[in-house]
Amino acid sequence: MMKYGDEHVEHRFTLSFTESELRGQWQDFFLGIHEADGEAFPEELIDPSVLVICNLAGEIVQIVLHDEGCDCEFQFTFTEKAQIEAYMKQHVNV
């Protein structure tokens, strides 16, 4: 996770499924994100979570880092997004 424009910093984390919501042509999946042992998220993040937006065919369209349930100035790195995609394929069947 990194602020837009900052250098890449990779974070290790685990994920948990929270809920999903059908929204027209989109299926939204909300995931909890938890620090891995010995890991610390950026101090500015108060309550991070993940929004994964899929189309109705189950293809991931966007992965968004939320803080306190809203979009924030942080984004996932390519490697972190790959971890989230793998979780979705394994645990949520997209």
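Below is a summary of the structure that appears in this document.

Cut-offs and rules
Residues numbered from 1 in each chain as written. Predicted model: local features only at pLDDT ≥ 70, side-chain atom pairs only at ≥ 80, totals over all residues. Heavy atoms only, no water. Salt bridge = Lys/Arg side-chain N within 4 Å of Asp/Glu carboxyl O. Helix = DSSP H or I, 4+ residues; strand = E, 2+ residues; numbered from the N terminus. Buried < 20%, exposed > 50% of the residue type's maximum accessible area, 1.4 Å probe, protein only. Polar contact = N/O pair within 3.5 Å; in protein donor to acceptor, adjacent residues only side chain to side chain. Contact = heavy atoms within 4.5 Å. Pairing = 2+ DSSP bridges.

Overview of the pattern of salt bridges
Step number 1: Under the criterion given, the structure shown has four salt bridges.
Step number 2: Close ionic contact of Glu44 with Lys3 constitutes a salt bridge, the shortest N to O distance being 3.6 Å. Of this pair, Glu44 sits in the loop between strand 3 (26-35) and strand 4 (48-55) while Lys3 sits in strand 1 (residues 2-3), and the two are 41 residues apart along the sequence.
Step number 3: Relative accessible area serves as the criterion here: at 44%, Glu44 is assigned to the partly exposed category.
Step number 4: Put simply, Lys3 and Glu73 hold a salt bridge, and the shortest N to O gap is 3.9 Å. Taken together, the residues span a long stretch of sequence, with Lys3 in strand 1 and Glu73 in the loop between strand 6 (70-71) and strand 7 (74-75) at a distance of 70 residues.
Step number 5: When its relative accessible area of 46% is taken as the criterion, Glu73 is described as partly exposed.
Step number 6: Connected via shared salt-bridge partners are Lys3, Glu44 and Glu73.

Remarks on the side chain of Asn55
Step number 1: Along the chain, Asn55 turns up in strand 4.
Step number 2: Of note is the side chain of Asn55, whose polar atom sits 3.0 Å from the backbone nitrogen of Ala57.
Step number 3: A distance of 2.7 Å separates a polar atom in the side chain of Asn55 from a polar atom in the side chain of Glu59.
Step number 4: The contacts of Asn55, once residues within four sequence positions are left out, are Gln25, Trp26 and Val61.

A word on the pairing of strand 2 (residues 13-23)
Step number 1: Across 10 bridges, strand 2 lies against strand 3 in antiparallel orientation. Note that in strand 3 the partner of Leu22 across the bridge is Gln27.
Step number 2: Taking the residues that link successive antiparallel strands as the turn, the strand 2-strand 3 hairpin has two residues, and the phi of Gly24 there is positive, at about 65°.

Bear in mind that shape data such as this cannot, by itself, settle questions of function.
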